[in-house]
Amino acid sequence: MYLRELIQDASGGHYAIPAFNVFGYEDAVAVIRAAEELDAPVILATNPGAVQHMPFPYIAPILTRLAEDATVPVVVHLDHGKSYEYVAMAMAYGYTSVMFDGSQLPLEENIRVTREIVRLAAMRGISTEAEIGSVGYSDPSIQMKHEYSDPEEVFRFAEETGVDAVAVSIGTVHRMEVQGAKIDYDLLSRIEAKVAAPLVLHGSTGVADEDLRKLAATRIAKVNIGTALRMAFGKKLRHEMEIRPDEYDRIRLFSEPMEAVKQEALHKFRILGLGRDA
Ligand SMILES: [Zn+2]
């Protein structure tokens, strides 16, 4: 399944598709079970940390096979590819969607590399996402600039690159553990007025439920969620280890944390306007 087809509809509709960051088999399966329960499309995303832990030759076949076997549309998406070579490698390993993150580069350079990636992806029918402005990190060990997107620049960037989806910086921050992001709705409206491409929100764990609901009805079509699932897994695993001090079997220890990931994913799907309780 390709991102392009999914998010065109989401961009115009009153819902958005979650892109969940996964780090291996357990959380990927949990997310797909949630999607299947709601009969909703989903995006499985791997960030540089996930790929460093489980390199492309191993994680790509697992995720692409899970996507093939799922009863709902599943996109296998590269999150925050930082170079042309890295993004090209993900394409070669079967990702159906890639993000090039040139947000730390000067605008001209970001446009130039994004355009090359869009050209390469087009030859293989792969969808593309790129970032303009820069969504920063709450993690002090990650030194990235934080810069709101400028509507004129977003317009120029979308026109000149032909990218399928544009990640914008409108108030969110990566790795937030509390829902404390202040969304600049005025800025979002000004971007929407100028730009036709579907928009992507990063750092969405930090966004309050009522804001996510509102944003799902805007041109934001893809909402990236990582920290919320990692917290659900980690907290439940810690609990399991505390209540079963003699348990050593990882299959048994992971069972409840996988369920916790599924429940958190179900919650996010519903907030984003997907599934029965929407
Ligand atoms: Zn991101």
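Residues numbered from 1 in each chain as written. Predicted model: local features only at pLDDT ≥ 70, side-chain atom pairs only at ≥ 80, totals over all residues. Heavy atoms only, no water.

Caption draft 1: Region of the structure containing the coordination of the zinc ion. Protein coordination at the zinc ion comes from His80 (NE2), His174 (NE2) and His202 (ND1), with a distance range of 2.0 to 2.1 Å. Coordination of the zinc ion draws on donor residues from a single chain, spaced H-x93-H-x27-H in sequence. In this pair, His80 sits in strand β3 (residues 74–81) while His174 sits in the loop between β6 (165–168) and α8 (185–194), placing the two residues 94 residues apart along the sequence. Like His174, His80 is buried. (Donors = N, O, S within 2.8 Å, 3.2 Å for Na, K, Ca; no water. Helix = DSSP H or I, 4+ residues; strand = E, 2+ residues; numbered from the N terminus. Buried < 20%, exposed > 50% of the residue type's maximum accessible area, 1.4 Å probe, protein only.)

Caption draft 2: Layout of the packing of helix α2 (residues 25–38) against helix α4 (residues 56–69). Running from N to C, α2 and α4 point in directions that differ by 20 degrees, and their axes come no closer than 11 Å. When the axis of α2 is compared with that of α4, the two are roughly parallel. Our pair here, α2 against α4, has a crossing hand that is right-handed. For the pair α2 and α4, the contacting residues are Tyr25, Ala28, Val29, Ile32 and Glu36 in the first and Ile62, Leu63, Leu66, Ala67 and Asp69 in the second. (Axes fitted to C-alpha atoms, helices over the stretch in contact; angles between N-to-C directions. Parallel < 35°, antiparallel > 145°, perpendicular 65-115°, else oblique. Left-handed = near helix turned anticlockwise from the far one by under 90°. Contact = heavy atoms within 4.5 Å.)

Caption draft 3: Structural detail: the pattern of salt bridges. Considering all chains together, one arrives at 15 salt bridges under this definition. The salt bridge partner of Glu116 is Arg112, with a shortest N-O separation of 2.9 Å. Residue Glu116 and its partner Arg112 are located together in helix α6 (residues 107–124), separated by four residues, close to a single helical turn. Under the relative-accessibility criterion, Glu116 is labelled partly exposed at 28%. Ionic contacts of the salt-bridge type, sharing partners, join the residues Glu108, Arg156 and Glu160 into one network. (Salt bridge = Lys/Arg side-chain N within 4 Å of Asp/Glu carboxyl O.)

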